[in-house]
Amino acid sequence: MSSTAEASALYDLPGPRARGRHRLYGFGALLGIAGLLAWLGYELVSTGQFSAAKWIPFQYVGIQELLWHGLLNTLRAFGLTVLLALPFGALFAAGRLSDHRVVRWASTLVVEFFRAMPLLVMIFFIFVAMRVQPLWALVAGLTLYNGSVLAEVFRAGVLAVPRGQREAAYALGLRKTQVMAYVLVPQANRAMLPSIVSQLVVALKDTSLGFLITYEEFLHAGKLIATNLDYDLPFIPVVMVIAPVYIGMCLLLSWLAGAIERHGRRSPRQ
Amino acid sequence: MHVLTANWSTYWQGFVGTVELTAVSAALALVLGVLIAGFRVSPVPALRAFGTVWVTILRNTPLTLLFFIVVLGLPRFGISLPFFTFAVLALGCYTSAFICEALRSGINTVPLGQGEAARSLGMTFGQTLALVVLPQAARAVVAPVGSLLIALAKNSAIAGSFSVVELLGTYRTINELGYDIVWTFVWIAVGYLVLTLAISALFNLLERKAAVAR
């Protein structure tokens, strides 16, 4: 799970006696954790969470379809958010880097406002006050928030490109748009991709806010099953199915971010 | 303005609820975050593994799902607490994972030589941690912890959609009385802006205090 011990500011590489002591601590910690898990398991069994009756619903095709549609709806909201938030971010990052004061101020205002506002307040506002359909209220809220964060990521990325690159490009007689498109953005892209994908993990997790405005996504499907009296309220089984799927999807995206970072670290000049 | 003056007590209670929820959750998140970060930099492999599992699970689970588990799940085990406590548990545990990672990276920025120097002076592990490593790490993590607490204040809105004890939740009460919904939301937004700006001002001050003189 975690790498082997390395020296840190806190301790040297442990020697044989320290390693023995650590094994002892580790054993104690494992006993404690095992005790907690055993208590949890006992509670689960004694409240009948593993009885066949609670798991029966997952055998029904209707229930499986409900979960599947929920998952697809989650992915639909996520996909639409990605498609809309990336251009939104690029547009406002360009706005914040603009030479025109009015454009710069307006973009700054928009980006700062949507970053400061709780996402759920925006989603509720769009859903309740503007009477937009749940899917589009969710996508709009996610786009405004994640787009604003991405705008900051893009802006930081472009500013992080060494100044000489820009100066050289201007010296060659390129225009502003050309400098941006041919020199700055391609270089910034490499540095930014991991942060962009990490932000997409946040967007993916936040799609579950749709549950609160009755968008029929994955968590919504889970709640429908978990609160069904006909199946003896299978809450724990539902959580045991739903949570790993969310964690898995997020880990997959994080892994992608890590893979891109490792790929990007390889210098093209080698 | 009328929406605000006519519903001042509801609005004020909601705002105070948000502030309380944020403050208590932040305290829990900081305590848990420091503890788990201690696990993650510990020389004991079993504790490191526990820290990794804690962070991986909580960072990759949607907060809404955590609320769902805590608010609807714990009562199934006969654990019935006030909603406020449930909300603090969900928000505090969730944020602790992010604070832990910020602290861990802060601790890792402290140069190895600092610890080596402390050991050669004969300091114990506890002294090294408390007197040498943590004060240096703390400077590095003021800014990230500040933005995590702002995120926490914003995330507390999710609690409001489960119950009215919180600023966003007040919209339901005010809406039922037939007031203009757009203005209701405008004032709720102002409430959150005031809170997040206050936290960010506080941390800007801390950041200036913590800045290394060059």
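On a predicted model such as this, the values are computed, not experimentally measured, just so you know.

### Side note on the overall build of chain B
Right, on to step 1. From N to C terminus, chain B includes 10 helices and zero strands.
Right, on to step 2. When the helices and strands of chain B are placed in sequence order, the string is α-α-α-α-α-α-α-α-α-α.
Right, on to step 3. Across its three principal axes, chain B shows a C-alpha extent of roughly 70 × 50 × 20 Å.
Right, on to step 4. When each of the 214 residues of chain B is scored for burial, the buried share is 49%.
Right, on to step 5. For chain B, long-range pairs separated by at least 24 residues make up 74% of all intrachain contacts whose partners lie at least 6 apart in sequence.
Right, on to step 6. Summing over all exposed atoms, chain B offers an accessible surface of approximately 9600 Å²; the carbon and sulfur share of this is 69%.
Right, on to step 7. Seen as two clouds, the 12 positive and the 7 negative side-chain charges of chain B have centres 13 Å apart.

### Side note on a nonpolar patch on the surface
Right, on to step 1. A contiguous nonpolar surface patch, about 360 Å² in accessible area, is contributed by V182, W183, V186, V190 and V194 of chain B.
Right, on to step 2. Residue position: V186 of chain B is located in helix α10 (residues 181-210).

### Focus: the packing of helix α4 (residues 101-116) of chain A against helix α6 (residues 134-160) of chain A
All names here are of chain A.
Right, on to step 1. Two numbers describe how α4 lies on α6: the axes approach to 8 Å, and their chain directions differ by 125°. Judged on the interaxial angle alone, α6 and α4 are oblique. The hand of the α4/α6 crossing is left-handed. Contact residues: V110, V111, E112, F114 and R115 in α4; L144, Y145, S148, V149, A151 and E152 in α6.

### Description of the nonpolar core
Right, on to step 1. Of all hydrophobic cores here, the largest spans 111 residues; its most connected members are F124 of chain A together with F67, L168 and F185 of chain B.
Right, on to step 2. Considering every element that reaches this core, the biggest residue donor is helix α5 (residues 83-109) of chain B, with 13 residues.
Right, on to step 3. Core analysis: the second largest hydrophobic core is formed by 18 residues, A93, A151, V161 and M192 of chain A among them.

### Quick notes on the interface of chain B and chain A
Right, on to step 1. In this assembly, 54 residues from chain B lie in contact with 53 residues from chain A.
Right, on to step 2. Between chain B and chain A, roughly 4500 Å² of surface is buried when both sides are summed, and carbon and sulfur atoms account for 76% of that area.
Right, on to step 3. In terms of surface lost to chain A, no three residues of chain B exceed F68, R76 and F77 of chain B, which account for 15% of the buried area on that side.
Right, on to step 4. Between the two partners, chain B and chain A, sit zero salt bridges.
Right, on to step 5. On the surface where chain B and chain A come into contact, there are four residue pairs in polar contact (both at pLDDT 80 or more).
Right, on to step 6. Per-element accounting of the side of chain B that touches chain A gives the leading share, 11 residues, to helix α3 (residues 45-59) of chain B.
Right, on to step 7. Looking at the side of chain B that touches chain A, its residues break down into 37 nonpolar, 11 polar and six charged.

### A word on the UniProt feature "transmembrane region" (unreviewed entry) in chain B
Residues and elements named next belong to chain B.
Right, on to step 1. In the numbering adopted here, UniProt assigns the feature "transmembrane region" (unreviewed entry) to residues 12-37, 49-73, 79-100, 129-153 and 181-206.
Right, on to step 2. Helix makes up 100% of residues 129-153 and strand 0%, with an end-to-end C-alpha separation of 30 Å.
Right, on to step 3. As a span, residues 181-206 carries 100% helix and 0% strand, and end to end its C-alpha atoms are 38 Å apart.

### A look at the domain arrangement of chain A
When the parts of a complex come together, some accessible area is lost, and that lost area is often taken as the interface size.
Right, on to step 1. The domain boundaries assigned to chain A delineate domain 1 (3-46) and domain 2 (52-266).
Right, on to step 2. A straight line from the C-alpha centre of domain 1 of chain A to that of domain 2 of chain A covers 36 Å.

### Notes on the pattern of salt bridges
All names here are of chain A.
Right, on to step 1. Enumeration over the complete set of coordinates arrives at eight salt bridges over all chains.
Right, on to step 2. For R96, the salt bridge is made with E152, and the minimal N-O distance between the two is 2.6 Å. A residue pair is termed long-range when its members are at least 10 positions apart, and R96 in helix α3 (residues 61-96) and E152 in helix α6 qualify at 56 residues.
Right, on to step 3. A relative accessible area of 15% places E152 in the buried class.
Right, on to step 4. A salt bridge links R115 to E112; the nearest nitrogen and oxygen atoms lie 3.3 Å apart.

### What to know about the UniProt feature "domain: ABC transmembrane type-1" (unreviewed entry) in chain A
Right, on to step 1. The residues that UniProt annotates with the feature "domain: ABC transmembrane type-1" (unreviewed entry) are residues 67-257 of chain A.
Right, on to step 2. The span residues 67-257 of chain A shows a helical share of 82% and a strand share of 0%, and its end C-alpha atoms are spaced 27 Å apart.

Each value, and the rule that gives it
- Residue positions are counted from 1 within each chain, in the order its sequence is given.
- Written order decides the labels, with chains lettered from A and ligands numbered from 1.
- Local features in this predicted model are restricted to residues of pLDDT 70 or higher, and side-chain atom pairs are both shown and tallied only at a pLDDT of 80 or more, whereas totals for entire chains, interfaces and linings draw on every residue.
- Water and hydrogen atoms were dropped before computing side-chain values, which therefore reflect all heavy atoms in the structure.
- Secondary structure elements are defined from DSSP: runs of H or I of at least 4 residues count as helices, runs of E of at least 2 residues count as strands, and each element is numbered from the N terminus.
- Relative accessible area decides the class of each residue, using a 1.4 Å probe on protein chains only: under 20% of the type maximum gives buried, over 50% gives exposed, and in between gives partly exposed.
- Note on contacts: a residue pair is in contact if any heavy atoms of the two residues lie within 4.5 Å.
- Residue burial considers only the protein chains on display, and all accessible areas are found by Shrake-Rupley using a 1.4 Å probe.
- Counted as positive: Lys and Arg. Counted as negative: Asp and Glu. His and the chain ends are not counted at all.
- Every charge is mapped to an atom, namely NZ of Lys, CZ of Arg, CG of Asp or CD of Glu.
- For patch building, the residue pool is restricted to those with more than 30% relative accessible area and no salt bridge; the joining distance is 9 Å between like charges and 5 Å between nonpolar side chains (Val, Leu, Ile, Met, Phe, Trp, Tyr).
- In the sections that follow, a salt bridge refers to a side-chain nitrogen of Lys or Arg positioned within 4 Å of a carboxyl oxygen of Asp or Glu.
- Note on geometry: axes are C-alpha line fits, over the in-contact stretch for helices, and angles between N-to-C directions span 0 to 180 degrees.
- What sets the label is the angle itself: under 35 degrees gives roughly parallel, over 145 gives roughly antiparallel, 65 to 115 gives roughly perpendicular, and the rest give oblique.
- In this scheme the crossing of two helices becomes right-handed for a clockwise turn of the near helix relative to the far one and left-handed for an anticlockwise turn of less than a right angle.
- Only buried residues count toward a nonpolar core, which is a set of Ala, Val, Leu, Ile, Met, Phe, Trp, Tyr and Cys residues joined through side-chain atoms within 4.5 Å.
- Throughout, buried area stands for the accessible area (probe radius 1.4 Å) lost by two parts on being put together, summed over both.
- As used in this structure description, the phrase polar contact means that two N or O atoms lie within 3.5 Å; if the pair is within protein, one of them must be able to donate a hydrogen and the other to accept it, and residues adjacent in sequence are counted only when both atoms belong to side chains.
- Ten residue types, Ala, Val, Leu, Ile, Met, Phe, Trp, Tyr, Cys and Pro, are classed as nonpolar, four, Asp, Glu, Lys and Arg, as charged, and the remainder, Gly among them, as polar.
- UniProt positions are given in the numbering used here, feature names are shortened, and annotations may be inferred rather than shown by experiment.
- Segmentation of the chain into domains, including their bounds, is taken from an automatic or database domain assignment.

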